[in-house]
Amino acid sequence: FSINVTLQSEGGTGLGGKIALEAGPDEINRTDTFPYIKTVLESAGYTVDIVTGTDIDTTAEISQYSAVLIGDSGFGLDDWNTFGETLETYVNNGGGLLDSGWAPFYLSQSTHVGSGYTALANLLPVLPGTSTFYHSTVTPTEVVHPVTTGVSTWTAAASSSNGGGVKVGATVVAKSEFDVPAAVVWEVGEGRVVHLANNYLVSSPTYLPDQTLNQLN
């Protein structure tokens, strides 16, 4: 991911490094991407639970985590609508959210209508939209920010979903070689949200270059 999981703003919940890696019910049993990312995060010192939306759709359930990591395989198999409103409250109360890849794309589609989807769209620092870029070198901007501290240039394998534009008040902390926002962050209430355009929660190994994932620390 080439982004530090520094997702809490000043004054956040401070629960330490326990992360919910969220997968839709049709993807939770995949043996490729999710276990791989879990291993990478755990090797960096985090505690990681692979969960579905129904595992974190109450305040009591989601509050045990310091950050939630979401994405989509590219087949629209997410279940964000089931926990989006709870997620919105969680972030406002100091939790962290990292979205990898496809959320802006799917949130722009007619298949993704509901209060949970609306809540997630409100949280993201980019607008819903279908814009993508491919096989690009991504470089942190000159903005000094905790989520890119110590992070160097990385290569985005396959496609990356950067949505319909950066929202007012959000900060671009990394760009593609084509000057396209690749990592965007903003504070929401007492929490922090990062959209990383790179699609790392898909099933294809072409999206999972070791040299990139190993920078998530």
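What counts and what doesn't
- Residues numbered from 1 in each chain as written.
- Predicted model: local features only at pLDDT ≥ 70, side-chain atom pairs only at ≥ 80, totals over all residues.
- Heavy atoms only, no water.
- Helix = DSSP H or I, 4+ residues; strand = E, 2+ residues; numbered from the N terminus.
- Buried < 20%, exposed > 50% of the residue type's maximum accessible area, 1.4 Å probe, protein only.
- Contact = heavy atoms within 4.5 Å.
- Areas by Shrake-Rupley, 256 points an atom, 1.4 Å probe, with all protein chains shown as cover.
- Core = buried A, V, L, I, M, F, W, Y, C linked by side-chain atoms within 4.5 Å.
- Phe/Tyr/Trp six-rings, centres within 6.5 Å; stacked < 30°, edge-to-face > 60°.
- Lys NZ or Arg CZ within 6 Å of the ring centre and 35° of its normal.
- Arc of directions from axis to C-beta.

> Help me understand the overall build of the protein chain, please; the structure alone is not making it clear to me.
The secondary structure content of the protein chain amounts to 6 helices and 9 strands. Among the 217 residues that make up the protein chain, the fraction classed as buried is 54%. If you take every contact in the protein chain between residues at least 6 apart in sequence, the share linking residues at least 24 apart comes to 76%. Here the protein chain has roughly 8,500 Å² of accessible surface; of this, 51% comes from carbon and sulfur atoms.

> Explain the nonpolar core here, please?
Within soluble globular proteins, side chains that are nonpolar generally end up buried alongside one another. Of all hydrophobic cores here, the largest spans 29 residues; its most connected members are V68, W80, L87, V91, L97, L107 and L120. Looking at this core, the elements that each hand over two or more residues are strand 3 (67–71), helix 3 (84–92), helix 4 (103–106), helix 5 (115–123) and strand 8 (181–188). The element that contributes the greatest number of residues to this core is helix 5, accounting for 4 residues. If we ignore the near neighbours within four places in the chain, the residues touching W80 are E22, I70, G71, D72, W102, A103, Y106, L107, H112, G116, Y117 and L120.

> Help me understand the packing of aromatic side chains, please; the structure alone is not making it clear to me.
Aromatic ring pairs are reported here in terms of the distance separating the ring centres and the angle at which the planes meet. For the structure on display, the rule yields 3 aromatic pairs. Of the aromatic side chains, those joined through ring pairs into one cluster are W102, F105 and Y106. Seen from the ring of Y65, K18 lies directly overhead, with NZ or CZ sitting 5.3 Å from the centre.

> How do you make sense of helix 1 (residues 33–43) when you look at a structure like this?
Because each turn of an α-helix spans 3.6 residues, side chains separated by three or four positions in sequence point in the same direction. Along helix 1, the positions that sit buried rather than exposed are T33, F34, I37, V40 and L41. Down the axis of helix 1, the smallest arc covering the buried residues is 125°, so these residues share one side. Among the residues trailing helix 1, G45 stands out with phi positive, at a value near 105°.

Read these as spatial facts, not as claims about activity.
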